[in-house]
Every structure is written in structure tokens, then in C-alpha cells.
Amino acid sequence: MPDQSPPAPDLFTWEFAADPYPAYAWLREHAPVHRTKLPSGVDAWLVTRYADARQTLADTRLSKNPAHHDEPAHAKGRTGIPGERQADLMTHLLNIDPPDHTRLRRLVSKAFTPRRVAEFAPRVQELTDDLIDRFTTSGSGTADLIHDFAFPLPIYAICDLLGVPREDQDDFRDWAGMMIRHGGGPRGGVARSVKKMRGYLAELIHRKRMELPAEPVPGEDLISGLIRASDHGAHLTENEAAAMAFILLFAGFETTVNLIGNGTYALLTHPEQRRRLQRALAEGDRALLETGVEELLRYDGPVELATWRFATEPVFIGGQRIEAGDPVLVVLAAADRDPERFADPDTLDLGRRDNQHLGYGHGIHYCLGAPLARLEGQTALATLLTRLPDLRLAVDPAELRWRGGLIMRGLRTLPVEFSPPRSGQT
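Residues numbered from 1 in each chain as written. Predicted model: local features only at pLDDT ≥ 70, side-chain atom pairs only at ≥ 80, totals over all residues. Heavy atoms only, no water.

Undergrad: Looking at this model, I keep getting lost on the side chain of Arg105. Mind explaining?
TA: Assignment of secondary structure puts Arg105 in helix α4 (residues 100-109). For Arg105, which is buried and forms no salt bridge, the nearest opposite charge comes from Asp97, at a distance of 12 Å. In this structure the side chain of Arg105 is engaged in a polar contact, spanning 3.3 Å, whose partner is the backbone oxygen of Ile364. A polar atom in the side chain of Arg105 sits 2.8 Å from the backbone oxygen of Tyr366. Not counting residues within four places of it along the chain, the set of residues in contact with Arg105 comprises Leu93, Ile364, His365, Tyr366, Cys367 and Leu368. (Helix = DSSP H or I, 4+ residues; strand = E, 2+ residues; numbered from the N terminus. Buried < 20%, exposed > 50% of the residue type's maximum accessible area, 1.4 Å probe, protein only. Lys, Arg positive; Asp, Glu negative; His and termini not counted. Salt bridge = Lys/Arg side-chain N within 4 Å of Asp/Glu carboxyl O. Polar contact = N/O pair within 3.5 Å; in protein donor to acceptor, adjacent residues only side chain to side chain. Contact = heavy atoms within 4.5 Å.)

Undergrad: What is the right way to look at the packing of aromatic side chains in this model?
TA: Working definition: an aromatic ring pair is given by the centre-to-centre distance plus the angle between the planes. In this structure the tally under the stated criterion is 13 aromatic pairs. When the centroid spacing of 5.8 Å and the interplanar angle of 65° are considered together, the rings of Phe135 and Phe418 count as edge-to-face. Here Phe418 lies in the segment after β10 (415-417) and Phe135 lies in helix α5 (residues 114-136), a separation of 283 residues in the sequence. Residue classification places Phe418 among the buried positions, given a relative accessible area of 3%. Considering the side-chain rings of Phe151 and Phe253, the 6.1 Å spacing of their centres and the 75° angle between planes classify their relative orientation as edge-to-face. Here the residue Phe151 occupies a position in the loop between α6 (145-150) and α7 (152-162), and Phe253 occupies one in helix α11 (residues 238-268), the gap between them amounting to 102 residues. Judged by relative accessible area, Phe253 falls into the buried class, the value being 0%. Taking the ring centre of Tyr21 as reference, the NZ or CZ of Arg337 above it sits at 3.7 Å. The side chain of Arg337 reaches across the aromatic face of Tyr299, ending 4.2 Å from its centre. (Phe/Tyr/Trp six-rings, centres within 6.5 Å; stacked < 30°, edge-to-face > 60°. Lys NZ or Arg CZ within 6 Å of the ring centre and 35° of its normal.)

Dropping the structure here:
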């Protein structure tokens, strides 16, 4: 019998970026482990079913080290962050395996413990209120929630954690803005921004080393902690410290930008769920906020595809043989809508309980900053919905554009309208 299945959908077009979920549903059903040519020219395997995705994320035969990529000449250097090779920033958590990964992760994990994140909560609330104050006091009753809110909040938060002086944080905001444009800025702009950030981090690490007190102080910033580790037998080189600071900044802000942006958009386009959350917040019940943020991570999360993995030997995923040296990309967005794992997966339900989504990964590479991202997401959404109860989209959803790029999923802009607060109202 001839194959009666519909033709394979086009991937990585602008139409696909706006709503990739129908294409992912086709792949889950007809080609769950699918080889495709990416826009960069690299051939890679896409894994789309939940069970396969979870297995793949934890499989030690799949390395994070790009040295295992059997890459042809035309694909050289196209599997990571633009500019990280030239800036000598490759030795970070997204590019290494145990035992180096274990050693480096242990050094920074203490900065993201629940206790440390809880201590940081007042600062996140302060940043959130300050940013809302800025765009509400103009009197226009309009804002771009990406530019005015979702983007600067995690930038300033992660800069505070790292120990970037306040007077330098706007430079970081500029560099980070260029890095997430994914081709929307001037040619080579991402690599130049990475190089500038690398130079600044090297200088900051040197300056902090010169000024480091003999003993740790309460609330010591993360860069000082990395320096202290490298100076006291933990075998952290200065280059590793710079690469670590870089990836914590890079991975720690764009995911949260998209969590806040995508989450707000989902709430504004699902008014019943939005009102449900507002009622709970008004009653002082934060349980729905906590399950709600997890559901927003599942429903339309900030990371569409997990970062690169490379087979170190032939492996089978979902019955498909993957050859040694082949790149593998786990499609988190597809796995988290798998009907074999989630009931009514295309329905947004803020009270969903059985929700072991893969939005922050799985296994030893599970997102280190997940507790901080959850705090920022919960604080941002709760404060927006409480302070701006009539927040609404200012454009038709069809007019919104999603940023290009392979790994992340996020809006370019999110124009909104609201009733400006009355004089003296906060």
C-alpha cells in the first residue's frame, strides 16, 4: 500500500517559528527521530517524543563536547554560540562532560540553592517594581513588555548575582541585546558582543582578584566565589572562570526573558486562565502561581530545543540508529506536547499537577539556574497581573513576530496596553 500520510511540514520557516506545534505533532507521529538539514547547513537528528527525549537527555553516550562532532568543513563552528570559539569561551557547562562538568558545576551550584535564591527574592521584587514604575509613569498606557520589562529584569538580576558593578550593567544590557537578536542586528554583531563581553569579564575577574578579602563575606558575589575556588585548590583556571561567568549570563537571561514574554502572551491570549490566576493572587493563594509557571514552561517554554549533543558511538533512539559523530537535538517543545505523556497537551491548564515537563532539561545538564528563573517568572507575572489588572495586547496576535534562532523560543516584541496608575498609586 502507498504511504497515505500527509507530506512532511516545512521546518525553520518564519511561519513555523510563529507556531511550530503542528509540525512537531506531525514529527512525533510520523518521524519521531528525524534527520534534517538546519538553516546553518548542519545535518542533525531531531528527537520529538517525550520518552525518547528524556532518555536522550540522560544518555552518557551523547556528549556535550563539540570535539565529538564529525563535522564537515562547511559546518565548522556552527553548533554553538556565535563567537564563543574566537573568544576562547568554550570551556563552559554546555560544552563539557564529566569529570570536568561535575567539577565546574559543583563550584557554582551553591549560588543557586533554594536558600540563596530565597535570599535574593527581595532584590528581584525591587527590580520588578522599578521596571514597572518606569514604563507606567510615562502616562501613555502602553509598553513593549519585552524591551521594557522581560529583557532588563533578568539581565540586572544575573549581573547582581555575578557581581557586575551597577555602573557597568547597561553595557551588559547592550551586549546581551545584540546576542539575542539572532541575525536581526548587523552582520557579525553577536560575535563582536561576545568578544566585548569576554574582554570585560577578564578585566573584572582580574580586578576582583586584586581586591578579594582574605575570607568570604556574607552574600559574596558569584565571580568572587569562582576566583576564591580557583585560588584555593579547586583547579579553576582564569579562562574557565570567564567562560563560566559568560555562560551563566548568557543562559541565565535569555531563558527568563522568554519565560516572562511567552508566559505573559499565553495568559493574555487565554483570558479565563489569566482571570483564574488573578483571583488566586487577590486571595493570597500562590499555589496556582507555582503550578501555573510550570504549565507555562510546558505549554510554550523558553527553550525550544535542548543544546547540542554528539553521539560518541552508534546509539539507537526510538528505534533509529544514530552514527558516532552525529549531532542530536532534543526538541523540548515537541516532547512537552506529547499526548502519550500529557493529557490534553495543547490545552493551557494552570492547575495541571502531573507536569514533569522537560523545559529545564533532565539529567546531569538540568538547568542550574532553574530556581532563579522560577523566582523571576513567578515574581514578574504576579506583579504584572496585580499592578496592571487590565493588561491587554495592543496588536492582533498575528502581527507578533518571533525571534529567529534554533535553540530559544521568544517574541521580538510584546506591545501591551493598560490603564495608567492614578497619581500616588503603585
